[in-house]
Amino acid sequence: MPPYKIPKRVKYRKEFRRARDRKATKGNYVAFGDYGLQALEGCWLKSNVIEAGRIAAQQLLKRQGKIFIRVFPDKPVSKKPLETRMGKGKADVDYWAARVRPGTMLYELAGVPEDQAKAAMARVAMKMPVRCRFVGRRLSV
Amino acid sequence: MQEHAPLLTATRRERVGTRYSKRIREAGGLPAIIYGHGKEPVAVSVDAKKTLRHLHEGEKILQLQIEGQSEVQNVLVKDLQFDYLGTNVIHADFTRVDLEERVELKVAIHLIGEAVGLKAAGAMLMHPTNEIELECKVANIPDHVEVDISGLEAGSALHVSDIQLPLPTMKTLSDPDLIVAQIIIQAVEEEETEEAGVVADGAQPEVITEKKEGED
(Lines give C-alpha, C1' and ligand atoms only; values in the text may rest on other atoms or scores of the structure.)
Protein backbone atom coordinates (compact mmCIF):
# COMPACT_ATOMS: atom_id res chain seq x y z
CA MET A 1 0.00 0.00 0.00
CA PRO A 2 1.53 3.35 -0.97
CA PRO A 3 1.97 6.04 1.69
CA TYR A 4 -0.77 8.65 1.76
CA LYS A 5 -1.37 12.02 3.34
CA ILE A 6 -3.24 12.69 6.57
CA PRO A 7 -3.27 15.86 8.71
CA LYS A 8 -0.31 16.55 10.96
CA ARG A 9 -2.36 17.79 13.89
CA VAL A 10 -6.09 17.75 14.62
CA LYS A 11 -8.19 19.32 17.34
CA TYR A 12 -10.31 16.22 17.93
CA ARG A 13 -9.66 12.57 17.06
CA LYS A 14 -13.12 11.80 15.68
CA GLU A 15 -15.92 13.85 14.18
CA PHE A 16 -19.57 13.60 13.18
CA ARG A 17 -20.46 12.46 9.70
CA ARG A 18 -22.32 15.68 8.79
CA ALA A 19 -24.45 16.53 5.74
CA ARG A 20 -22.97 15.67 2.37
CA ASP A 21 -25.65 16.68 -0.11
CA ARG A 22 -24.70 20.28 -0.88
CA LYS A 23 -23.17 21.77 -3.98
CA ALA A 24 -19.70 23.33 -4.04
CA THR A 25 -19.59 27.08 -3.58
CA LYS A 26 -15.83 27.35 -3.35
CA GLY A 27 -12.93 25.39 -4.81
CA ASN A 28 -15.07 24.82 -7.90
CA TYR A 29 -12.96 26.48 -10.59
CA VAL A 30 -9.49 26.10 -12.09
CA ALA A 31 -7.35 28.41 -9.99
CA PHE A 32 -3.72 27.30 -10.26
CA GLY A 33 -3.26 25.27 -13.42
CA ASP A 34 -4.61 25.42 -16.95
CA TYR A 35 -6.90 22.39 -16.84
CA GLY A 36 -8.69 20.54 -14.09
CA LEU A 37 -10.72 17.50 -13.13
CA GLN A 38 -14.05 18.42 -11.58
CA ALA A 39 -16.26 16.10 -9.55
CA LEU A 40 -19.89 16.06 -10.68
CA GLU A 41 -21.09 14.12 -7.66
CA GLY A 42 -20.35 14.30 -3.96
CA CYS A 43 -18.37 11.73 -1.99
CA TRP A 44 -15.83 11.22 0.74
CA LEU A 45 -12.64 10.80 -1.24
CA LYS A 46 -10.26 8.50 0.62
CA SER A 47 -6.65 9.57 1.02
CA ASN A 48 -5.37 6.49 -0.81
CA VAL A 49 -7.64 7.26 -3.78
CA ILE A 50 -6.29 10.82 -3.96
CA GLU A 51 -2.78 9.40 -4.02
CA ALA A 52 -3.75 6.78 -6.64
CA GLY A 53 -5.07 9.56 -8.88
CA ARG A 54 -1.88 11.56 -8.51
CA ILE A 55 0.27 8.56 -9.40
CA ALA A 56 -1.94 7.70 -12.39
CA ALA A 57 -1.51 11.21 -13.80
CA GLN A 58 2.18 11.42 -13.07
CA GLN A 59 2.96 8.07 -14.70
CA LEU A 60 1.14 9.06 -17.88
CA LEU A 61 2.72 12.50 -18.05
CA LYS A 62 6.19 11.06 -17.38
CA ARG A 63 7.12 13.89 -15.02
CA GLN A 64 6.01 16.60 -17.43
CA GLY A 65 3.84 19.45 -16.18
CA LYS A 66 2.76 20.17 -12.65
CA ILE A 67 -0.12 18.51 -10.82
CA PHE A 68 -2.05 20.42 -8.18
CA ILE A 69 -4.17 18.39 -5.75
CA ARG A 70 -7.06 20.62 -4.71
CA VAL A 71 -8.53 18.39 -2.00
CA PHE A 72 -7.01 17.29 1.29
CA PRO A 73 -8.21 14.36 3.42
CA ASP A 74 -8.93 16.14 6.69
CA LYS A 75 -12.02 14.18 7.74
CA PRO A 76 -11.54 11.15 10.00
CA VAL A 77 -14.06 8.41 9.23
CA SER A 78 -14.57 5.76 11.89
CA LYS A 79 -15.83 2.23 11.29
CA LYS A 80 -16.81 -0.55 13.66
CA PRO A 81 -15.02 -3.86 13.15
CA LEU A 82 -16.97 -6.76 11.62
CA GLU A 83 -19.13 -8.95 13.86
CA THR A 84 -19.17 -6.35 16.62
CA ARG A 85 -22.30 -5.58 18.60
CA MET A 86 -23.65 -2.05 18.55
CA GLY A 87 -22.77 0.36 21.32
CA LYS A 88 -19.55 0.62 23.33
CA GLY A 89 -18.88 4.07 21.97
CA LYS A 90 -17.70 5.47 18.67
CA ALA A 91 -15.36 3.21 16.74
CA ASP A 92 -11.75 3.88 15.84
CA VAL A 93 -10.77 5.94 12.82
CA ASP A 94 -10.71 3.69 9.77
CA TYR A 95 -9.59 6.13 7.08
CA TRP A 96 -9.19 9.82 6.28
CA ALA A 97 -11.23 11.41 3.55
CA ALA A 98 -11.70 14.70 1.73
CA ARG A 99 -15.22 16.03 1.57
CA VAL A 100 -16.09 16.33 -2.11
CA ARG A 101 -19.20 18.16 -3.21
CA PRO A 102 -20.65 18.28 -6.72
CA GLY A 103 -18.48 20.84 -8.53
CA THR A 104 -15.33 20.44 -6.41
CA MET A 105 -12.10 20.68 -8.39
CA LEU A 106 -10.06 17.58 -7.56
CA TYR A 107 -6.86 17.99 -9.57
CA GLU A 108 -5.34 20.68 -11.75
CA LEU A 109 -2.62 20.46 -14.34
CA ALA A 110 -0.22 23.08 -15.67
CA GLY A 111 2.54 23.08 -18.25
CA VAL A 112 1.17 20.40 -20.59
CA PRO A 113 -0.77 20.63 -23.88
CA GLU A 114 -4.54 20.16 -23.77
CA ASP A 115 -4.62 16.71 -25.40
CA GLN A 116 -2.07 15.38 -22.95
CA ALA A 117 -3.89 16.93 -20.01
CA LYS A 118 -7.16 15.40 -21.22
CA ALA A 119 -5.60 11.95 -21.46
CA ALA A 120 -4.07 12.24 -17.99
CA MET A 121 -7.30 13.45 -16.43
CA ALA A 122 -9.29 10.68 -18.11
CA ARG A 123 -6.92 8.20 -16.50
CA VAL A 124 -7.33 9.86 -13.12
CA ALA A 125 -11.12 9.91 -13.52
CA MET A 126 -11.06 6.11 -13.83
CA LYS A 127 -9.69 5.93 -10.29
CA MET A 128 -12.31 8.24 -8.83
CA PRO A 129 -15.45 6.90 -7.15
CA VAL A 130 -17.57 9.68 -8.70
CA ARG A 131 -18.36 10.98 -12.18
CA CYS A 132 -15.85 13.65 -13.19
CA ARG A 133 -15.29 15.97 -16.13
CA PHE A 134 -12.35 17.72 -17.72
CA VAL A 135 -12.49 21.53 -17.53
CA GLY A 136 -10.40 24.52 -18.52
CA ARG A 137 -10.21 27.98 -17.04
CA ARG A 138 -13.53 29.78 -16.87
CA LEU A 139 -14.49 33.14 -18.36
CA SER A 140 -13.13 36.06 -16.37
CA VAL A 141 -13.94 39.77 -16.42
CA MET B 1 -12.07 47.09 -27.50
CA GLN B 2 -14.07 47.46 -30.70
CA GLU B 3 -14.69 50.88 -32.29
CA HIS B 4 -18.26 50.81 -31.05
CA ALA B 5 -19.34 48.83 -28.04
CA PRO B 6 -22.02 46.24 -28.90
CA LEU B 7 -25.60 47.32 -28.29
CA LEU B 8 -27.86 45.14 -26.17
CA THR B 9 -31.49 45.54 -25.29
CA ALA B 10 -32.38 45.07 -21.65
CA THR B 11 -35.76 44.50 -20.10
CA ARG B 12 -36.51 45.90 -16.68
CA ARG B 13 -37.19 43.18 -14.09
CA GLU B 14 -40.26 44.02 -12.06
CA ARG B 15 -39.88 41.05 -9.75
CA VAL B 16 -36.52 40.02 -8.36
CA GLY B 17 -35.38 36.95 -6.46
CA THR B 18 -34.33 33.36 -7.08
CA ARG B 19 -37.64 32.09 -8.42
CA TYR B 20 -38.10 34.88 -10.98
CA SER B 21 -34.42 34.82 -12.00
CA LYS B 22 -34.70 31.10 -12.64
CA ARG B 23 -37.68 31.68 -14.92
CA ILE B 24 -35.74 34.33 -16.86
CA ARG B 25 -32.83 31.91 -17.38
CA GLU B 26 -35.20 29.18 -18.56
CA ALA B 27 -36.60 31.64 -21.12
CA GLY B 28 -33.10 32.35 -22.49
CA GLY B 29 -32.43 35.52 -20.54
CA LEU B 30 -29.66 36.53 -18.20
CA PRO B 31 -30.56 38.42 -15.01
CA ALA B 32 -28.37 41.47 -14.49
CA ILE B 33 -28.14 44.67 -12.52
CA ILE B 34 -27.01 48.13 -13.55
CA TYR B 35 -25.62 50.48 -10.93
CA GLY B 36 -23.22 53.39 -10.47
CA HIS B 37 -22.94 57.15 -11.08
CA GLY B 38 -25.05 57.86 -8.01
CA LYS B 39 -28.25 56.65 -9.64
CA GLU B 40 -30.63 54.00 -8.39
CA PRO B 41 -29.68 50.41 -9.22
CA VAL B 42 -31.89 48.86 -11.90
CA ALA B 43 -32.56 45.12 -12.11
CA VAL B 44 -32.74 44.07 -15.75
CA SER B 45 -32.53 40.98 -17.92
CA VAL B 46 -30.56 40.72 -21.16
CA ASP B 47 -30.39 38.12 -23.91
CA ALA B 48 -28.07 35.43 -22.53
CA LYS B 49 -26.79 34.12 -25.85
CA LYS B 50 -25.88 37.55 -27.27
CA THR B 51 -24.34 38.79 -24.02
CA LEU B 52 -22.21 35.69 -23.52
CA ARG B 53 -21.01 35.82 -27.11
CA HIS B 54 -19.73 39.36 -26.53
CA LEU B 55 -18.17 38.40 -23.20
CA HIS B 56 -16.36 35.44 -24.78
CA GLU B 57 -15.04 37.82 -27.43
CA GLY B 58 -13.45 39.80 -24.59
CA GLU B 59 -15.81 42.79 -24.61
CA LYS B 60 -15.72 44.78 -21.40
CA ILE B 61 -17.89 47.73 -22.41
CA LEU B 62 -21.45 47.28 -23.66
CA GLN B 63 -24.18 49.68 -24.67
CA LEU B 64 -27.46 48.98 -22.96
CA GLN B 65 -30.85 50.27 -23.98
CA ILE B 66 -33.60 49.55 -21.53
CA GLU B 67 -36.91 48.77 -23.23
CA GLY B 68 -39.27 51.75 -23.16
CA GLN B 69 -36.40 54.24 -22.75
CA SER B 70 -34.65 56.07 -25.58
CA GLU B 71 -31.45 56.60 -23.60
CA VAL B 72 -28.50 54.31 -24.38
CA GLN B 73 -26.02 53.89 -21.55
CA ASN B 74 -22.45 52.66 -21.61
CA VAL B 75 -21.80 49.98 -19.04
CA LEU B 76 -18.73 48.10 -17.87
CA VAL B 77 -19.02 44.40 -17.01
CA LYS B 78 -18.07 44.48 -13.35
CA ASP B 79 -18.78 40.95 -12.18
CA LEU B 80 -20.17 37.60 -13.29
CA GLN B 81 -21.77 34.94 -11.14
CA PHE B 82 -21.45 31.29 -12.03
CA ASP B 83 -23.39 28.16 -11.14
CA TYR B 84 -21.87 25.54 -8.84
CA LEU B 85 -20.05 23.85 -11.73
CA GLY B 86 -18.55 27.16 -12.79
CA THR B 87 -19.66 26.83 -16.42
CA ASN B 88 -22.88 28.77 -16.79
CA VAL B 89 -23.08 32.49 -16.11
CA ILE B 90 -26.17 33.04 -13.97
CA HIS B 91 -25.97 36.78 -13.28
CA ALA B 92 -24.04 39.82 -14.49
CA ASP B 93 -23.19 43.12 -12.80
CA PHE B 94 -22.95 46.19 -15.02
CA THR B 95 -21.69 49.55 -13.84
CA ARG B 96 -22.51 52.83 -15.63
CA VAL B 97 -19.46 54.54 -17.14
CA ASP B 98 -18.56 57.53 -19.31
CA LEU B 99 -16.13 57.01 -22.16
CA GLU B 100 -13.78 59.65 -20.73
CA GLU B 101 -13.86 58.20 -17.25
CA ARG B 102 -10.95 56.26 -15.75
CA VAL B 103 -11.88 52.82 -14.45
CA GLU B 104 -10.20 49.94 -12.67
CA LEU B 105 -10.59 46.52 -14.25
CA LYS B 106 -8.92 43.19 -14.85
CA VAL B 107 -7.54 42.41 -18.30
CA ALA B 108 -6.39 39.02 -19.60
CA ILE B 109 -2.69 38.43 -20.20
CA HIS B 110 -1.63 36.73 -23.45
CA LEU B 111 1.86 35.27 -23.46
CA ILE B 112 3.51 35.51 -26.88
CA GLY B 113 6.74 34.09 -28.22
CA GLU B 114 8.68 30.92 -27.51
CA ALA B 115 10.79 31.27 -24.37
CA VAL B 116 14.47 30.36 -24.80
CA GLY B 117 14.51 28.74 -21.37
CA LEU B 118 11.95 26.13 -22.44
CA LYS B 119 14.63 24.33 -24.47
CA ALA B 120 16.37 23.22 -21.28
CA ALA B 121 15.66 19.69 -20.03
CA GLY B 122 12.74 19.53 -17.62
CA ALA B 123 11.86 23.21 -18.15
CA MET B 124 8.22 24.15 -17.72
CA LEU B 125 6.39 27.44 -18.19
CA MET B 126 4.21 28.44 -15.26
CA HIS B 127 1.86 31.40 -15.30
CA PRO B 128 0.32 31.73 -11.84
CA THR B 129 -1.86 34.64 -12.89
CA ASN B 130 -3.73 35.04 -16.14
CA GLU B 131 -4.92 38.60 -15.63
CA ILE B 132 -3.66 41.98 -14.58
CA GLU B 133 -5.47 44.81 -12.84
CA LEU B 134 -5.36 48.08 -14.76
CA GLU B 135 -6.52 51.64 -14.42
CA CYS B 136 -7.28 53.28 -17.74
CA LYS B 137 -9.76 55.36 -19.71
CA VAL B 138 -12.91 53.51 -20.74
CA ALA B 139 -12.26 54.35 -24.37
CA ASN B 140 -8.79 52.75 -24.16
CA ILE B 141 -9.65 49.45 -22.49
CA PRO B 142 -7.62 46.74 -24.22
CA ASP B 143 -9.06 43.28 -25.04
CA HIS B 144 -5.91 41.75 -23.58
CA VAL B 145 -2.34 42.67 -22.72
CA GLU B 146 0.38 40.91 -24.72
CA VAL B 147 3.49 39.88 -22.82
CA ASP B 148 6.53 38.77 -24.80
CA ILE B 149 8.25 35.85 -23.08
CA SER B 150 10.79 35.05 -25.81
CA GLY B 151 13.67 36.36 -23.68
CA LEU B 152 12.68 34.38 -20.58
CA GLU B 153 15.40 32.00 -19.42
CA ALA B 154 15.19 28.87 -17.30
CA GLY B 155 14.85 29.67 -13.62
CA SER B 156 13.90 33.29 -14.26
CA ALA B 157 10.54 35.00 -13.82
CA LEU B 158 8.61 37.84 -15.42
CA HIS B 159 6.85 40.17 -13.00
CA VAL B 160 3.98 42.63 -13.36
CA SER B 161 6.52 45.47 -13.23
CA ASP B 162 8.15 44.09 -16.42
CA ILE B 163 4.95 44.35 -18.49
CA GLN B 164 4.86 47.02 -21.21
CA LEU B 165 1.36 48.44 -21.30
CA PRO B 166 -0.14 49.45 -24.67
CA LEU B 167 -0.53 53.12 -23.66
CA PRO B 168 1.54 55.29 -21.30
CA THR B 169 -1.64 56.62 -19.67
CA MET B 170 -2.49 53.16 -18.37
CA LYS B 171 -1.50 52.23 -14.84
CA THR B 172 -1.11 48.78 -13.29
CA LEU B 173 -2.77 48.23 -9.94
CA SER B 174 -1.58 44.67 -9.41
CA ASP B 175 1.36 44.04 -7.10
CA PRO B 176 4.52 44.87 -9.12
CA ASP B 177 6.26 41.76 -7.71
CA LEU B 178 3.47 39.40 -8.81
CA ILE B 179 4.82 36.69 -11.12
CA VAL B 180 3.24 36.63 -14.57
CA ALA B 181 5.38 33.92 -16.16
CA GLN B 182 8.14 31.76 -14.82
CA ILE B 183 10.23 28.90 -16.16
CA ILE B 184 10.89 26.26 -13.58
CA ILE B 185 13.02 23.16 -13.84
CA GLN B 186 10.88 20.14 -13.13
CA ALA B 187 13.62 18.11 -11.41
CA VAL B 188 13.62 20.57 -8.51
CA GLU B 189 9.83 20.49 -8.29
CA GLU B 190 9.84 16.71 -8.16
CA GLU B 191 11.35 16.57 -4.68
CA GLU B 192 8.12 17.63 -3.07
CA THR B 193 8.24 18.30 0.65
CA GLU B 194 5.31 16.99 2.64
CA GLU B 195 4.30 20.21 4.39
CA ALA B 196 0.60 19.72 4.90
CA GLY B 197 0.47 16.25 6.30
CA VAL B 198 2.35 13.24 7.52
CA VAL B 199 2.97 10.49 5.01
CA ALA B 200 2.99 7.21 6.84
CA ASP B 201 1.04 4.02 6.85
CA GLY B 202 -1.04 3.60 10.00
CA ALA B 203 0.20 6.87 11.56
CA GLN B 204 -2.24 9.01 13.51
CA PRO B 205 -2.14 12.80 13.78
CA GLU B 206 -1.36 14.62 16.98
CA VAL B 207 -4.52 15.64 18.86
CA ILE B 208 -4.18 19.20 20.16
CA THR B 209 -6.93 18.97 22.81
CA GLU B 210 -5.83 15.59 24.16
CA LYS B 211 -4.85 15.60 27.84
CA LYS B 212 -1.20 14.94 28.43
CA GLU B 213 -0.04 12.56 31.16
CA GLY B 214 0.26 14.29 34.53
CA GLU B 215 -2.42 16.88 33.66
CA ASP B 216 -5.68 17.08 35.58
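Residues numbered from 1 in each chain as written. Chains lettered and ligands numbered in written order. Predicted model: local features only at pLDDT ≥ 70, side-chain atom pairs only at ≥ 80, totals over all residues. Heavy atoms only, no water.

### A closer look at the overall build of chain A
Right, on to step 1. Tallying secondary structure elements over chain A gives 2 helices and 9 strands in all.
Right, on to step 2. N-terminal to C-terminal, the α/β element order of chain A is β-β-β-β-α-β-β-β-β-α-β.
Right, on to step 3. When its C-alpha atoms are laid out on the principal axes, chain A stretches across 55 × 35 × 25 Å.
Right, on to step 4. The buried share of chain A, taken over its 141 residues, is 42%.
Right, on to step 5. Here the contacts in chain A between residues at least 6 apart in sequence split such that 81% fall between residues at least 24 apart.
Right, on to step 6. About 8,200 Å² of surface is accessible on chain A, with carbon and sulfur atoms providing 50% of the total. (Helix = DSSP H or I, 4+ residues; strand = E, 2+ residues; numbered from the N terminus. Buried < 20%, exposed > 50% of the residue type's maximum accessible area, 1.4 Å probe, protein only. Contact = heavy atoms within 4.5 Å. Areas by Shrake-Rupley, 256 points an atom, 1.4 Å probe, with all protein chains shown as cover.)

### Digging into the sheet that holds strand E6 (residues 75–78) of chain A
Residue and element names in this part refer to chain A.
Right, on to step 1. Strand order across the open sheet formed by 3 strands is E4-E7-E6, with antiparallel pairing between neighbours. Single-partner strands in this sheet number two, and they are strand E4 (43–46) and E6. Strand after strand, the sheet turns through a mean of 50° between neighbouring axes, direction not considered.
Right, on to step 2. Inspection of the sheet shows E6 paired to strand E7 (residues 93–100) by 4 bridges, in the antiparallel sense. Bridge assignment links Ser 78 to a residue of E7, and that residue is Val 93.
Right, on to step 3. Relative to the sheet, helix H1 (residues 47–61) contacts E4 and E7, its axis offset from that of E4 by approximately 70°. (Pairing = 2+ DSSP bridges. Axes fitted to C-alpha atoms, helices over the stretch in contact; angles between N-to-C directions.)

### Quick word on empty space enclosed by the protein
Residues and elements named next belong to chain A.
Right, on to step 1. Summed over all chains, the structure comprises 2 cavities of 30 Å³ or more.
Right, on to step 2. Of the pockets and cavities examined, the largest cavity occupies roughly 40 Å³.
Right, on to step 3. Lining the largest cavity, in full, are Glu 15, Phe 16, Arg 17, Trp 44, Lys 75, Pro 76, Val 77, Ser 78 and Lys 90.
Right, on to step 4. Top element by residues in the lining of the largest cavity is E6. It accounts for 4 residues.
Right, on to step 5. For the lining of the largest cavity, a count of residues per class yields 4 nonpolar, 1 polar and 4 charged.
Right, on to step 6. Looking at the second largest cavity, its volume works out to about 40 Å³. (1 Å grid on protein atoms, 1.4 Å probe; cavity = no way out; pocket = protein on both sides within 12 Å on 5 of 7 lines; lining within 4 Å. Points joined across faces, edges and corners; volume = space filled by probe spheres on them. Nonpolar A, V, L, I, M, F, W, Y, C, P; charged D, E, K, R; others polar.)

### Considerations on the interface of chain B and chain A
Right, on to step 1. In this complex, chain B contributes 43 residues to the contact, which on the side of chain A involves 36 residues.
Right, on to step 2. Surface buried jointly by chain B and chain A totals about 3,400 Å² across both partners, of which 57% is contributed by carbon and sulfur atoms.
Right, on to step 3. Applying the counting rule to chain B against chain A returns 0 salt bridges.
Right, on to step 4. Summed over the shared surface of chain B and chain A, the number is 9 residue pairs in polar contact (both at pLDDT 80 or more).
Right, on to step 5. When residues of the side of chain B that touches chain A are assigned to their parent elements, the largest contribution, 5 residues, is made by strand E5 (residues 72–82) of chain B.
Right, on to step 6. The residue inventory of the side of chain B that touches chain A, partitioned by class, reads 19 nonpolar, 10 polar and 14 charged. (Buried area = accessible area lost by both parts, 1.4 Å probe. Salt bridge = Lys/Arg side-chain N within 4 Å of Asp/Glu carboxyl O. Polar contact = N/O pair within 3.5 Å; in protein donor to acceptor, adjacent residues only side chain to side chain.)

### A closer look at the domain arrangement of chain B
All names here are of chain B.
Right, on to step 1. As far as domains go, chain B holds domain 1 (7–97) and domain 2 (103–185).
Right, on to step 2. Contact residues are listed per partner, giving 6 residues for domain 1 and 7 residues for domain 2.
Right, on to step 3. The tally of links from domain 1 across to domain 2 stands at 0 salt bridges.
Right, on to step 4. Here domain 1 is connected to domain 2 by 0 residue pairs in polar contact (both at pLDDT 80 or more). (Domains from an automatic or database assignment.)

### Observations concerning the nonpolar core
Right, on to step 1. Ranked by size, the top nonpolar core spans 28 residues in total, and within it Ile 141, Val 145, Ile 149, Leu 152 and Ile 163 of chain B carry the most contacts.
Right, on to step 2. When residues of this core are traced back to their parent elements, those giving at least two are strand E7 (102–112), strand E8 (123–126), strand E9 (131–137), strand E10 (144–148) and strand E13 (179–185) of chain B.
Right, on to step 3. With 4 residues, E7 of chain B is the largest single contributor of residues to this core.
Right, on to step 4. Each of two domains, domain 1 (7–97) and domain 2 (103–185) of chain B, supplies a minimum of three residues to this core.
Right, on to step 5. Leu 61, Val 100, Ala 120 and Cys 132 of chain A belong to the second largest nonpolar core, which has 24 residues in total. (Core = buried A, V, L, I, M, F, W, Y, C linked by side-chain atoms within 4.5 Å.)

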